[in-house]
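So the chains spell out like this:
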Amino acid sequence: MAQVPNLDNAPINLKSLRDQSLKELITILKNIRGKKCLVIDPKLGGSLSLIVQSSLLKEHGAELRHLNAEPVQTDCTKVVYLVRAQLDLMKFICSHIHNDISKGIQREYFVYFVPRRAVVCEKILEEEKVHHLLTIGEYPLYLIPLDEDVLSFEIDVAHKEYLVDGDTTSLWHIAKALHKIEFSFGVIPNVRAKGKASVRVADILNRMQLEEPVNTSEMGVPEINTIILLDREVDMITPMCSQLTYEGLLDEFLGINNGAVELDASIMGVQQEGKKIKVPLNSSDKLFKEIRDQNFEVVVQVLRQKATSMKQDYSEMQTTTQTVSELKDFVKKLNSLPEMTRHINLAQHLTTFTSKPSFLGRLDMEQTLVEAESYDICFEYIEEMIHKQEPLINVLRLLVLFSITNSGLPKKNFDYLRRELLHSYGFEHIATLNNLEKSGLLKKQETKSNWITIKRALQLVVEDIDTSNPNDISYVFSGYAPLSIRLVQHAIRSGWRPIEEILKLLPGPHSDIKRGGFSSSPSLDTLNGSSHGSDKVVDGRRSLVLVVFIGGVTSAEISALRFLSSQEGMAYDIIVATTKIINGSTLTETFVEKLG
């Protein structure tokens, strides 16, 4: 399992949230006496690895299996299923039990739903006549700390479910998770939301506070001053652009899952044929913490400098007589050698992708679309991608960017590209195109695009950006400031009011609510990012803003928020919560559906 991230430096006690989840899991295992086989939904496996070491599960008599269609091979007489409430997983469980019955194997079965049970799932268990053989419970895992400033609700299809299927289950889960945070850290006095889903979550959160109030009198000053909720739909441009930070590129090309990348051992300099290794990526790795938010151009330079200085130290060690403390310093530097080697290997592997003409051509095209210039060149570029049969996800990703910056495509171009796509990739993809249309990501142009107005008003395209010494968040995309983070910047600095007109041009409503008896606590509107004594929490810490992305956030956006938080005169620490960490490809994939 990937290493559990160290949360000691988190701006609030995230460790307590993680410890609570761990305690709840151990309680479940303790209540089922003796040896048991713990069968987990594969998607939960990664989440659990951020909470518990597998050795601890073994100590509590649990042997681990991943849930799939194959019957469970185990000597244990007790089988515990830990699953999300999904219909396909219920089918697996039913077939396992039927298989045991047909072979005369007698076992006790337990199903724990994460984070809560669902009626439809229990209906299936009843129809398959296994419900009476099961003990059913819940494991309320709503929130997982991925790092000291990032939390995930681990709902990977929230965006598609809400936009295409009209399913709002995930919104209830998000509100419940935020309410749980309030029980630990106090009622959050300021709630700003933008987008249909966000405003809905803000409403549900208020309702939960009425039905099951957090007792404000006992809590003292709330630890989180403001929560900013943003729908992914409000800014679909940012995720469709290629990220250019170190962590962003690692995710784009190698896929970061639950804070780790899995790759061939040979890439990491380990000579084992066909073996895969997992490389954890979180702030426990000091070097990664230092370079992950930087533009990749800079990362290569930083690694080069570090390697050179180490080489210099090494040659000095061979020539002169050292004092003990100099030796000690040198050994300390040597301790960071594994981290150095790790990132030099990763960076070297990344350059094989970033130096490809196809990647550079694509960046050019993204920039042209974001700057809203030369429609025809972009249209021809996408047409050529389709004819060359480049991976469908890459084509759709650029097509969505094309459609959003242009507020849709003229009818004849729209029909033509749609036809070409189906001819090239197969008619079974008609369902995918319908999903994209239904969610407004790919559409016929009905009104003139307002992207140019938004782009100018929020200064989203910044010329002459210095990536090595940035003074603006646009460094994460080498000159494009993510729209989502510009909105957060305004929401923190002066609330929604000054940018009301711009907000109206973006999808969905917006709201700004003051809550629960904290009128005396300073409102963000008056703080204006300056460091009055009043916006400091009592014990001298900076106030906290929780930024919640419904539908996913990219690593580059998190980097931009960390950059904002580190700026001089910024009176806030920022914590990010998201349904899932995404990139343009993983987000687009949730809309892909084949017929048959």
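Everything discussed here concerns the structure shown above.
Residues numbered from 1 in each chain as written. Predicted model: local features only at pLDDT ≥ 70, side-chain atom pairs only at ≥ 80, totals over all residues. Heavy atoms only, no water.

J.: Explain the pattern of salt bridges here, please?
T.: Side-chain pairing between opposite charges can occur once the charged atoms of the two side chains come close. Taken as a whole and assessed by the stated rule, the structure comprises 31 salt bridges. Where R117 meets E122, a salt bridge forms, and the shortest distance between an N and an O atom there is 2.7 Å. By relative accessible area, E122 is classed as buried at 13%. Put simply, R418 and E437 hold a salt bridge, and the shortest N to O gap is 2.4 Å. Residue R418 is found in helix α19 (residues 411–425), and its partner E437 is found in helix α20 (residues 430–438); the two are separated by 19 residues along the sequence. Residue class for E437 comes out partly exposed when judged on its relative accessible area of 30%. Taken together, the shared-partner salt bridges in this structure form one network comprising D149, E247, D293 and R562. (Salt bridge = Lys/Arg side-chain N within 4 Å of Asp/Glu carboxyl O. Buried < 20%, exposed > 50% of the residue type's maximum accessible area, 1.4 Å probe, protein only. Helix = DSSP H or I, 4+ residues; strand = E, 2+ residues; numbered from the N terminus.)

J.: Explain the packing of aromatic side chains to me, please; I cannot follow it from the model alone.
T.: Ring pairs (aromatic) are described by centroid distance and by the angle formed between their planes. Scanning all chains against the criterion turns up eight aromatic pairs. Plain terms: the ring middles of F379 and Y416 are 6.1 Å apart, the flat faces sit at 40° to each other, and that makes the pair tilted. Taken together, the positions of F379 in helix α17 (residues 375–387) and Y416 in helix α19 put the pair 37 residues apart, joining distant regions of the chain. Looking at Y416, the relative accessible area reads 22%, which means it is partly exposed. (Phe/Tyr/Trp six-rings, centres within 6.5 Å; stacked < 30°, edge-to-face > 60°.)

J.: I'm lost on the side chain of S555 in this one. Help?
T.: Looking at where S555 falls in the secondary structure, it is placed in helix α25 (residues 555–565). Among residues more than four places away in sequence, those in contact with S555 are Q243, E247, G248, D251, I581 and I582. (Contact = heavy atoms within 4.5 Å.)

J.: Quick question: what am I supposed to make of the packing of helix α16 (residues 357–370) against α17 here?
T.: Working note: a packed helix pair is described by the angle between its axes plus the distance between those axes. Between α16 and α17, whose axes approach to 10 Å, the crossing angle comes to 145°. When the axes of α16 and α17 are compared, the crossing they make is left-handed. In this structure, α16 contributes S358, G361, R362, M365, T368 and L369 to the contact, and α17 contributes I377, C378, Y381 and M385. In terms of residue class, the contact of α16 with α17 is made up of six nonpolar, three polar and one charged. (Axes fitted to C-alpha atoms, helices over the stretch in contact; angles between N-to-C directions. Left-handed = near helix turned anticlockwise from the far one by under 90°. Nonpolar A, V, L, I, M, F, W, Y, C, P; charged D, E, K, R; others polar.)

Nothing here speaks to function; it is geometry throughout.
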